[in-house]
Amino acid sequence: MKKVLVIEDNSDNMRLITYALERAGYEVIPAESGERGVELAISLRPFFIIMDINLPGIDGIEATRQIRASGANGSIPIIAITSFAMFGDRDKMIAAGCTAYFEKPIDPLTIVRKIHESISVTGD
Amino acid sequence: MLWRKGRTRTGMKSLSGKDHRRELKKYGLTAIVLWTILIVGLLVWNFKLERKNTIDQARVEARAIWTHNLSYRKWVTVMGGVYVRADRMSPNPYLKIKDRDKLTTDGMALTMANPAYVTRQVFEIIKKESDQPIINRIVSEKYLNPLNKPDEWEQKGLVAFAAGESEVSELTQLEGRSYLRLFRPMITTEGCLLCHGEQGYQVGDIRGGISVAVPMAHYDKIESAALINMAFVYLFLWGLGVGAIVFYHVKIDNKQLLLLESEEKNRLLSSIVQSSGDAIIAKDLDGVILAWNSGAEQIYGYSAEEAIGQSISLIIPSDHTDEVAGLIAQIKRGEQIENYTTERVCKDGRRITVSLTVSPVRDGEGKLVGISAIAHDVSKQIDAEEVLRFTTERLKQAQRLARLGSWELDLVTNTLFWSEEIYRIFEVDPARFGASYEAFLGLIHPDDRAAVNAAYSDSVRNRTPYAIEHRLLFPDGRIKYVLEQCETIYGVDGTPLRSVGTVQDITERKETEEKIRELNACLERRVAERTTELQASQQALMNIVEDLNEKTAELEQANARLQELDRLKSMFVASMSHELRTPLNSIIGFSSILHDEWVGPLNLEQKKDLDIVHRCGRHLLSLINDVIDVSKIEAGKIESIPEEFDLRGLIDEAISLIKKDLEEKGLELKLNVPPQLIYSDQRRLFQCVLNLLSNAVKFTEKGTVSIEVQLVSSPGQESEDSFVEITVADTGIGIRSEDQPRMFQPFVRLISPTQANIPGTGLGLYLTHKLIHEILHGEIRLISEYGQGSRFTIKIPVRMP
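1. Focus: the overall build of chain A
If you tally the helices and strands in chain A, you get 5 helices and 5 strands. The 124 residues of chain A split such that 50% are buried. For chain A, the share of sequence-separated contacts (at least 6 apart) that also reach a separation of at least 24 residues comes to 59%. About 5600 Å² of surface is accessible on chain A, with carbon and sulfur atoms providing 50% of the total.

2. Let's talk about the overall build of chain B
Looking only at helices and strands, one finds 17 helices and 24 strands in chain B. A burial count over chain B gives 37% of its 801 residues as buried. Within chain B, residue pairs in contact and separated by at least 24 positions form 58% of the contacts whose partners lie at least 6 positions apart. As displayed, chain B offers around 48200 Å² of accessible surface, 57% of which is attributable to carbon and sulfur atoms.

3. A closer look at the environment of A226(B)
Considering the arrangement of structural elements, one finds A226(B) in helix α5 (residues 217-275). Considering only alpha carbons, one finds A226(B) and F47(B), 179 residues apart in sequence, at a separation of 9.2 Å.

4. Considering the interface of chain B and chain A
Much of the literature gives interface size as the accessible area that the parts lose upon coming together. Residue-level contacts link 20 residues of chain B with 21 residues of chain A. Both faces considered, chain B and chain A share a buried interface measuring about 2100 Å² in area, 66% of it formed by carbon and sulfur atoms. When the buried area of chain B at its contact with chain A is split by residue, N585(B), F590(B) and W598(B) rank highest and sum to 31% of it. Linking chain B with chain A are 1 salt bridge. For R683(B), the salt bridge is made with E103(A), and the minimal N-O distance between the two is 3.9 Å.

5. Some remarks on the sheet that holds strand β2 (residues 101-103) of chain B
Two modes of strand pairing occur in sheets, parallel and antiparallel, and in both the strands are linked by backbone hydrogen bonds. All names here are of chain B. Read from one edge to the other, the open sheet built from 3 strands follows the order β1-β3-β2, with strand pairing classed as antiparallel. With one partner strand each, in any of the chains shown, β1 (82-85) and β2 form the two edges of the open sheet. Looking at each pair of strands side by side, their axes are set apart by 35 degrees on average, direction ignored. In this sheet, strand β3 (residues 109-113) lies alongside β1 in antiparallel orientation, the contact comprising 4 bridges. Across the sheet, residue V82 finds its bridge partner in β3, namely A113.

6. Notes on unusual backbone geometry
Residue and element names in this part refer to chain B. Non-glycine residue N414 carries a positive phi angle of around 55 degrees. Position of N414 relative to the elements: it lies in the loop between β13 (404-410) and β14 (415-418). Taking the relative accessible area as the measure of exposure, N414 reaches 46% and is therefore partly exposed. Even without glycine at this site, E597 takes up a positive phi of about 60 degrees. Mapped onto the elements, E597 comes out in the loop between α13 (507-595) and α14 (604-634). Residue classification places E597 among the partly exposed residues on the basis of a relative accessible area of 34%.

7. Points about the pairing of strand β2 (residues 27-31) of chain A
Residues and elements named next belong to chain A. One ladder, built from 5 bridges, connects strand β1 (residues 3-7) with β2; its direction is parallel. The residue bridging V4 from the neighbouring strand is V28, located in β2. Remark: the β1/helix α1 (residues 11-23)/β2 crossover connection has right-handed handedness.

8. Thoughts on the sheet that holds strand β8 (residues 279-284) of chain B
Residues and elements named next belong to chain B. Taken in spatial order, the 5 strands line up as β9-β8-β12-β11-β10 in an open sheet, and their pairing is antiparallel. The sheet is open, and its two borders are formed by β9 (289-292) and β10 (337-345), each paired with just one other strand. Strand-to-strand twist of the sheet, defined as the mean angle between neighbouring strand axes without regard to direction, takes the value 30 degrees. Strand direction decides the pairing type here: β8 and β9, joined by 3 bridges, are antiparallel. If you follow A282 over to β9, its bridge partner there is A291. Running at roughly 165 degrees to β10, helix α8 (residues 323-332) makes contact with β8, β10, β11 (351-362) and β12 (368-377) of the sheet.

9. Looking at the nonpolar core
Residue and element names in this part refer to chain B. Judged by nonpolar contacts, the single largest core of 45 residues is most densely connected at L647, I651, L685 and L693. Secondary structure elements with two or more residues in this core: α14, α15 (647-665), α16 (682-698), β21 (704-712), β22 (723-730), α17 (764-775), β23 (779-785) and β24 (789-797). Here the element with the most residues in this core is α16; it accounts for 8 residues. Excluding residues that lie within four positions of it along the chain, L685 makes contacts with F645, L647, L650, I678, I726, L776 and I796. Counting 27 residues, the second-largest nonpolar core is a separate cluster that includes I315, I331, L356 and V358.

10. Digging into the side chain of H614(B)
Residues and elements named next belong to chain B. Along the chain, H614 falls in helix α14. Judged by relative accessible area, which is 17%, H614 ranks as buried. Non-local contacts of H614, meaning those with residues more than four positions away in its chain, are made with I588, S591 and S592.

11. Some points on the pattern of salt bridges
All names here are of chain B. On inspection of all chains with the given rule, the structure shows 51 salt bridges over all chains. As a salt-bridge pair, E514 and R517 come within 2.8 Å of each other at their nearest N and O atoms. Of this pair, E514 and R517 both sit in helix α13, separated by 3 residues, roughly a single helical turn. On the basis of relative accessibility, which here comes to 38%, the residue E514 falls in the partly exposed class. Across the pair R781 and E725 runs a salt bridge whose closest N-O atoms are separated by 3.6 Å. Highlighted residues: R781 in strand β23 and E725 in strand β22, separated in sequence by 56 residues. Residue classification places R781 among the partly exposed positions, given a relative accessible area of 34%. Of the residues examined, E725 reaches a relative accessible area of 13% and is grouped as buried.

12. Topic: a nonpolar patch on the surface
Residues and elements named next belong to chain B. A cluster of nonpolar side chains, namely L38, L42, W45 and L49, defines an oily patch on the protein surface of about 380 Å² accessible area. In this structure, L42 sits in helix α1 (residues 17-79). Using a relative accessible area of 35% as the deciding quantity, one classes L42 as partly exposed.

13. Section: the pairing of strand β3 (residues 48-52) of chain A
Residues and elements named next belong to chain A. Counting buried positions along β3 yields 5 of 5 residues, so the element is predominantly enclosed. Relative to β3, β1 runs parallel, the two being bridged by 4 bridges. Across the sheet, residue V6 finds its bridge partner in β3, namely I50. One ladder, built from 4 bridges, connects β3 with strand β4 (residues 78-82); its direction is parallel. If you follow M51 over to β4, its bridge partner there is A80.

14. Some remarks on the confidence of the model for chain B
All names here are of chain B. Model confidence for chain B is summarised by a mean pLDDT of 84, while 94% of its residues fall at 70 or above. Across residues 1-6 the pLDDT falls below 50, and counting only partners more than four positions away or on other chains, this stretch makes 6 contacts in the model. Within the model, the stretch residues 8-12 combines pLDDT values under 50 with 5 contacts to residues more than four positions away or in other chains. Overall fold confidence (pTM) sits at 0.37, and the ipTM for the predicted complex is 0.84.

15. Description of the packing of aromatic side chains
This model, assessed by the stated rule, comprises 12 aromatic pairs over all chains. With 6.4 Å between their ring centres and 75 degrees between their planes, W292(B) and Y302(B) make a pair best called edge-to-face. Here W292(B), found in strand β9, pairs with Y302(B), found in the loop between α6 (294-300) and α7 (304-307); they are 10 residues apart in sequence, far enough to count as distant. Accessibility classification places W292(B) together with Y302(B) in one group, the buried group. Of the aromatic side chains, those joined through ring pairs into one cluster are Y26(A), F47(A) and F48(A).

Reading the values: rules and limits
- Residues numbered from 1 in each chain as written.
- Chains lettered and ligands numbered in written order.
- Predicted model: local features only at pLDDT ≥ 70, side-chain atom pairs only at ≥ 80, totals over all residues.
- Heavy atoms only, no water.
- Helix = DSSP H or I, 4+ residues; strand = E, 2+ residues; numbered from the N terminus.
- Buried < 20%, exposed > 50% of the residue type's maximum accessible area, 1.4 Å probe, protein only.
- Contact = heavy atoms within 4.5 Å.
- Areas by Shrake-Rupley, 256 points an atom, 1.4 Å probe, with all protein chains shown as cover.
- Buried area = accessible area lost by both parts, 1.4 Å probe.
- Salt bridge = Lys/Arg side-chain N within 4 Å of Asp/Glu carboxyl O.
- Pairing = 2+ DSSP bridges.
- Axes fitted to C-alpha atoms, helices over the stretch in contact; angles between N-to-C directions.
- Right-handed = clockwise from strand over helix to strand, strands pointing away.
- Core = buried A, V, L, I, M, F, W, Y, C linked by side-chain atoms within 4.5 Å.
- Patch = residues over 30% accessible without salt bridge, like charges linked within 9 Å, V, L, I, M, F, W, Y side chains within 5 Å.
- pLDDT = per-residue confidence, 0-100.
- Phe/Tyr/Trp six-rings, centres within 6.5 Å; stacked < 30°, edge-to-face > 60°.

And the structure:
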């Protein structure tokens, strides 16, 4: 089973996204903080990563940068989830290395399909 | 070396006595030389002649002797040879004939002496006669005796004889003496053939020749004597000739000298006349022009050739015809005519004014033979005088205009000259006023006199020009202001010779200056007044500026506060956004999952209830979003990302969201949406279109909801700037006209009579309006009729700027 790393500090949100991903056939590896997420990203090499931007400690942008900088994980898609897109957030995310982003609230029924579309994976 | 008769073409060649003598000597010497040559020539010719004669005479002698020689040779020949005693003459070895030697009966030997032999012997005897003998020879080419061999000359002679010559002769030296030798041929006769026949001669042939050489000595002697006599004669003749030449030349010398002197004098006079610039004309008593100088040529235009011989009336104007006669009469009377001004006419027709001086011309006896007139062209002079008059007038005029007079003080004679204008300035009568420096000073204002005098003296002493303004005081008390300038001219030794100066009436100028000064003072006063006024205004202005500054500071404070508030608001929005959305995410998300039986099966009631939860969650979310959007728009913090998309796709998606409600209400959907690419903010436009559609569904109980898309062009614009109109129309409850203006305001909710509670935030249309106007660069209009339905039209540019 393909592994998906989800870096999210809110347990409710984590639960929700896990439902959607597991229903789509992925194994979900949770990480509750940015630092943990970076660790796991480098060690596990998941199929893709879901990154919540609003994290305590290092935020999602920084975590993305670190993951990208590690070199080993250059091509893994990083899907950012953010609760608001303010000015420059979009550019920041892309600059850090995010492959795509979605705004909260995410619809669990459609999110996986949308992720697949954004990372060009055929089939659900 | 040939001479000319003293007349050279160019002007005067002065022949003084010395030059003349030299000329003369040249003639004389040349004549003498020629005479000498002549005499000598004749002498030489004569001598030659004599010589020839002498030679001819010698020749005659020689010829005679020759003939004689031939004669007795002939005799011997005729005799056939002569026998002589052999004891007196040895036989001739060269005579080879049979009968050469004979013996007489008594035993005397005889031998033949042939003609040649005889001749030769005789020749020898002759030769011995004297020390200057006649030398005879007999020769032949075919000689028998070697002694008869012809010498060179004789050989040449023989050749000549063969050619037909009968005689040759020459003067030559023989044995150291002068001889004339003559050579003639011997012609063969019958008798010759006796002995010489065997040599091949024929009768008539040249057998040889006999030459006779006679000494020239005594001939020469005679000749010399004759020549000497001749020479004396010639010498005498030569002397005669020379004497005559010299005498002649001396005789004519004086005559020529006198002539030349007078000629010279004439020439000098003539060229003086010629070179004069005045016209000098001589005429006879009838008025015929005899002489016409180059001055006349220039003045009157006629050349000498044209004028001489003509009547003087040629240059007399028609109205002066009797003048000449009158002048002549005056001269006859013995009067002098000087500086007589009259008019003449030139070749080209111009009339000129001339001044005449007329004199008589008398011959050697003092009789009047003609008139000589010197005419001086004064027309130029008159012109000059005219010009002078004119110039002087102009100068006076200029001085009058400028009120400038000029003066000149001759310091040597102490005479003062004033121009007209000065008299006028000083208002003095020139007739009564004696111009002098003292008089001038007297007219000056007493207070200024000293200064003027000092200025003048200083100027003269220091050799610098001066200019001084001073006043004139008139008897009636009036004052005039004048500007006086002066310059002094000095001699080479430094003494002042004269002063020249000008006086200009500057009274007017002074008055004007006074006026200007007054005006200036007045102006300055006014300026001072204004300045104080301005200063007061300035002060007031400063006060205002201070107030403004205070206000600005206050405003800045307020601004800072506002900015702070704004920042806080943004922070609030941001945090609200996040904080409010997070739990809602769970509500909506989980209710959705549960409803879709991800966690387990559900019955219809459960699904319905979950649906309510989900719906409310969504409603809450939309409220939050609206509020946040409004606050963002209010803060101007909306970020718009235009992209190209198909409008139809957007509308389809919006429809899909309201389709369920539409179908549940049993409403019909009408679509007129062609594909249309536009470049705009998709999300925001979607929001607006969805808002209108959901409103339409919300407020319509029966009938149709329609969407229509149309491309329009604003008048006068290119298709690039065209707009698209999206119209959402319904057959709902409509909007009362009094409510219509309020529709786009926030928190306006309509109360429908059919439905008690129509969900909505009251912000939908407000937000839509704001989004379209401020973000999408478009506009929204509303047409509605209460109870019939409503029509909302969004018009946005196809290409969002």
